[in-house]
Amino acid sequence: QVQLVESGGGSVQTGGSLRLSCAASGRDISGNPMAWYRQAPGKQRELVAFITAGGTTTYVNSVKGRFAIARDNPVNTVYLQMNSLKPEDTAVYYCNTVFSALPWGQGTQVTVSP
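> What am I meant to see in the nonpolar core here?
By size, the foremost hydrophobic cluster in this structure holds 27 residues, and its most contacted members are Trp 36, Phe 67, Ile 69, Leu 80, Met 82 and Tyr 93. Every element with two or more residues in this core is listed here: β3 (18-25), β4 (34-39), β5 (46-51), β7 (67-72), β8 (77-82), β9 (91-97) and β10 (108-113). For this core, the element with the most residues is β3, which contributes 4 residues. Leave out the neighbours within four places in its chain, and Leu 80 touches Leu 18, Arg 19, Leu 20, Trp 36, Ala 49, Phe 67, Ala 68, Ile 69 and Tyr 93.

> Even after reading the chapter, I still don't get the state of the cysteines, so can you show me in this structure?
When the sulfur atoms of two cysteines share a covalent bond, that bond is a disulfide. Scanning the entire structure with this criterion turns up 1 disulfide. A disulfide bridge connects Cys 22 with Cys 95, and the sulfur atoms are separated by 1.7 Å. Across the disulfide from Cys 22 to Cys 95, rotation about the S-S bond amounts to roughly 55 degrees, and the bridge is consequently right-handed. Of the two residues, Cys 22 is situated in strand β3 and Cys 95 in strand β9; the sequence distance between them amounts to 73 residues. Here Cys 22 matches Cys 95 in class, with each residue buried.

> Help me out: how do you make sense of the pattern of salt bridges in this one?
Pairs can form between side chains of opposite charge whenever their charged atoms are close. Applying the stated criterion to the full structure yields 3 salt bridges. Here Arg 38 and Asp 89 are joined by a salt bridge, their closest N and O atoms 3.0 Å apart. Remark: Asp 89 occurs in the loop between β8 and β9 and Arg 38 occurs in strand β4; sequence separation between them is 51 residues. Of the two residues, Arg 38 and Asp 89, both sit in the buried class. Of the charged contacts in the structure, one is a salt bridge between Asp 89 and Arg 66, with a shortest N-O distance of 2.8 Å. With Asp 89 in the loop between β8 and β9 and Arg 66 in the loop between β6 (57-59) and β7, this pair connects stretches of sequence that are 23 residues apart.

Reading the values: rules and limits
- Residues numbered from 1 in each chain as written.
- Predicted model: local features only at pLDDT ≥ 70, side-chain atom pairs only at ≥ 80, totals over all residues.
- Heavy atoms only, no water.
- Core = buried A, V, L, I, M, F, W, Y, C linked by side-chain atoms within 4.5 Å.
- Buried < 20%, exposed > 50% of the residue type's maximum accessible area, 1.4 Å probe, protein only.
- Helix = DSSP H or I, 4+ residues; strand = E, 2+ residues; numbered from the N terminus.
- Contact = heavy atoms within 4.5 Å.
- Disulfide = S-S within 2.5 Å.
- Salt bridge = Lys/Arg side-chain N within 4 Å of Asp/Glu carboxyl O.

Structure (structure tokens):
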């Protein structure tokens, strides 16, 4: 049974930083392209960033230059460093494969106040 557990969210003011972690258990995810998603109330879940098995990263334009995705395969974990946060970044953040192939975790709440 594979599980994804997101952590590291919180409440910050505009311009602040947070580092999110996604710990996978029950399956080795090192061979999968992994992604961070976010979902704001009343909106669809959207992909924010992803990283390939080889370490190549891609970002949506709205977070480019502010967010950085990374992975640490020996501990089966994916990270999202978020800097210069804006109120529009407020959402629940989730991790999964690029194709959303794994069960969704509980997510971690990120709230950015003006």
